[in-house]
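Notes for the structure review
Listed below are the residues making up each chain.
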Amino acid sequence: MGFDAIATAILMSAVVLTVAYVLISGNSFLAEETIEGYKEIAHNSLRRLQSEVEIIAVNYENTSLVAYVKNIGGTKFENFASFDLIVYGKSNSEVFVSDYLKANFEIVKELINPGIFDPQETARADASVDLPQGNYTVLVCTPNAICDSYEFYVGGG
């Protein structure tokens, strides 16, 4: 074996080792990015699981709908801009009603952090809607799609 054969063998070994290193580091990077993606998905899922609201009372009188909502989860909400208030149901004359309402939310039982809807605080949602006599449901949803509903009856008089 001559010098040129030894040099070629060394060069081929270096090329094989370089290609192996590139493949291993590429797979390592891909695995790391996949793990980071799964961590983010798990983190978002846990945030959703820690969010929970409960409608504790609903009053309806002369087109004024008032719902009291308590934050019973572990998530703080800095504003109510993305909260949804929906009312749906059926009147006594079998007319189906479904309205997305523009509600004004206000914290009525402030414990800490003024202006932030913290856990164990209660907020009041005021909206205007004309409902005929019948059975209805109010649905309140948080920005991360956690909802609670409350059924009520609108009577005559």
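Everything below is about the structure shown above.
Bear in mind the structure is a predicted one, so any value in this text is a computation, not a measurement. (Residues numbered from 1 in each chain as written. Predicted model: local features only at pLDDT ≥ 70, side-chain atom pairs only at ≥ 80, totals over all residues. Heavy atoms only, no water.)

1. Things to note about the sheet that holds strand β1 (residues 53-61)
Condition: Pairs of strands are assigned from DSSP output, requiring at least two bridges between the strands. Counting from the N terminus, the helices are the DSSP runs of H or I reaching at least four residues and the strands are the DSSP runs of E reaching at least two. Simply put, an axis is a line fit to the C-alpha atoms, just over the touching stretch for a helix, and the angle between two N-to-C directions goes from 0 to 180 degrees.
Pairing in this open sheet of four strands is antiparallel, and the strands run β1-β2-β6-β5 from one edge to the other. With partners counted over all chains shown, the strands left at the sheet margins are β1 and β5 (104-109), one partner each. Neighbour-to-neighbour, the strand axes of this sheet turn through a mean angle of 25°, independent of strand direction. Sheet analysis places β5 next to strand β6 (residues 122-128), joined by five bridges and oriented antiparallel. Paired with Lys 109 across the strands is Thr 122, a residue of β6.

2. Notes on unusual backbone geometry
Cut-off, in case you're wondering: Exposure classes here rest on a 1.4 Å probe applied to the protein chains alone. A residue is buried below 20% of its type maximum, exposed above 50%, and partly exposed in between.
Backbone geometry places Glu 94, a non-glycine residue, at a positive phi of 65°. The topology assignment puts Glu 94 in the loop between β3 (84-91) and β4 (96-101). The exposed category is assigned to Glu 94, whose relative accessible area is 56%. With a phi angle near 75°, Gln 120 is a residue other than glycine that sits in the positive phi range. Its place among the elements puts Gln 120 in the loop between β5 and β6. What makes Gln 120 partly exposed here is its relative accessible area of 38%.

3. Here's the deal with a nonpolar patch on the surface
For clarity, the cut-off: Only residues whose relative accessible area exceeds 30% and that form no salt bridge enter a patch; like-charged residues are grouped when within 9 Å of one another, and nonpolar side chains (Val, Leu, Ile, Met, Phe, Trp, Tyr) when within 5 Å. Only the protein chains shown count as cover for residues, and the accessible areas themselves come from Shrake-Rupley with a 1.4 Å probe. Each salt bridge in this description consists of a side-chain nitrogen of Lys or Arg and a carboxyl oxygen of Asp or Glu lying within 4 Å of one another.
A surface patch of nonpolar side chains, about 370 Å² in accessible area, is lined by Leu 11, Val 15, Val 19 and Leu 23. Mapped onto the elements, Leu 23 comes out in helix α1 (residues 3-50). On the accessibility criterion, Leu 23 (54% relative accessible area) is exposed.

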